[in-house]
Every structure is written in structure tokens, then in C-alpha cells.
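As a plain string of letters, each chain reads:
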Amino acid sequence: QVQLVESGGGLVQGGGSLRLSCAASGRILSINYMGWYRQAPGKQRELVATITSGGSTNYADSVKGRFTISRDNAKNTVYLQMNSLKPEDTAVYYCNVGGLSSWTRTPFASWGQGTQVTVSS
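Before going into details, it helps to say that this report is about the structure given with it. Since the model is a prediction, treat every value here as computed from it, not as a measurement.

Section: the pairing of strand E7 (residues 67–72)
Only one face of E7 is buried: it carries Phe67, Ile69 and Arg71, and the other face, with Thr68, Ser70 and Asp72, is open. Here 6 bridges tie E7 to strand E8 (residues 77–82), and the two strands are oriented antiparallel to one another. Paired with Arg71 across the two strands is Val78, which belongs to E8. Where E7 hands over to E8, the hairpin turn is made up of 4 residues, of which Asn76 adopts a positive phi near 50°.

Structure follows, in C-alpha cells:
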């Protein structure tokens, strides 16, 4: 039982910025990776960015140089700073967290409820 609460989505003009947050809570022993995915209407869900417990990051080519993923291990929170937003960034953004459950001592992988990001042209 791990819960993810996302925030920070909204409507922004092209070229603008938004910052997404995702806080994990519940029976968490440790978190190995945290990431963001997105799904636009009529398209499959795609990876945006991930970050490991050691701070290694990975980005989709389409967001490199514009988005930055970071995490606060003490707060079990991951952030996605999105700059120079484009209309094609419009999508529902989902947080994804994986780690070990403190209850079962087995791996877990949880998804957030999603937050809408809309970029106008």
C-alpha cells in the first residue's frame, strides 16, 4: 500500500514553465526509482524522465534540455521542472515509483492518478 499524490499541472502558454510534484507515502522501506510518464490523447503512454536512488537521470529525447527531474529522498518526493513548454507536451502526466514495501519486504511499483498539462500555442 503505497500512495502517490501528484500536483502542479495546469494550463500554460507555449514557452512557459510548470513544476510537477509527486509525493509517495505508505508502507515504504526504500525507493529505488522515481519517474514521470505522459499520455496524450490517442497515443500510448511514454517515458518522460526517470531518476534512481543514486541520482542518475534519464530523459526522453523530446524533453532533453527543457525538463529536469529531481528528488527529495527525505520527503519521498519527485519533481519535474518543465521549461520552454510546447503544445506537443500537452498530456496527462503520471508519476511512477518503485521500491521495497516495509510490510511485505517485496518490490512494489505504484502509479499516480495523473495530472493534466495543457500547453496553448
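Structural notes on the sheet that holds E7
One open sheet accounts for 4 strands, arranged E1-E3-E8-E7; its pairing is antiparallel. With one partner strand each, in any of the chains shown, strand E1 (2–7) and E7 form the two edges of the open sheet. Neighbour-to-neighbour, the strand axes of this sheet turn through a mean angle of 15°, independent of strand direction.

Some details on the side chain of Asn96
Along the chain, Asn96 falls in strand E9 (residues 91–101). With a relative accessible area of 4%, Asn96 lands in the buried category. Only 3.1 Å separates the side chain of Asn96 from the backbone oxygen of Ser110, close enough to count as a polar contact. Each residue touching Asn96, except ones within four places of it in the same chain, is listed here: Tyr33, Met34, Gly35, Tyr37, Ser110 and Trp111.

Criteria and thresholds
- Residues numbered from 1 in each chain as written.
- Predicted model: local features only at pLDDT ≥ 70, side-chain atom pairs only at ≥ 80, totals over all residues.
- Heavy atoms only, no water.
- Buried < 20%, exposed > 50% of the residue type's maximum accessible area, 1.4 Å probe, protein only.
- Helix = DSSP H or I, 4+ residues; strand = E, 2+ residues; numbered from the N terminus.
- Pairing = 2+ DSSP bridges.
- Axes fitted to C-alpha atoms, helices over the stretch in contact; angles between N-to-C directions.
- Polar contact = N/O pair within 3.5 Å; in protein donor to acceptor, adjacent residues only side chain to side chain.
- Contact = heavy atoms within 4.5 Å.

Honestly, it's all geometry; don't read function into it.
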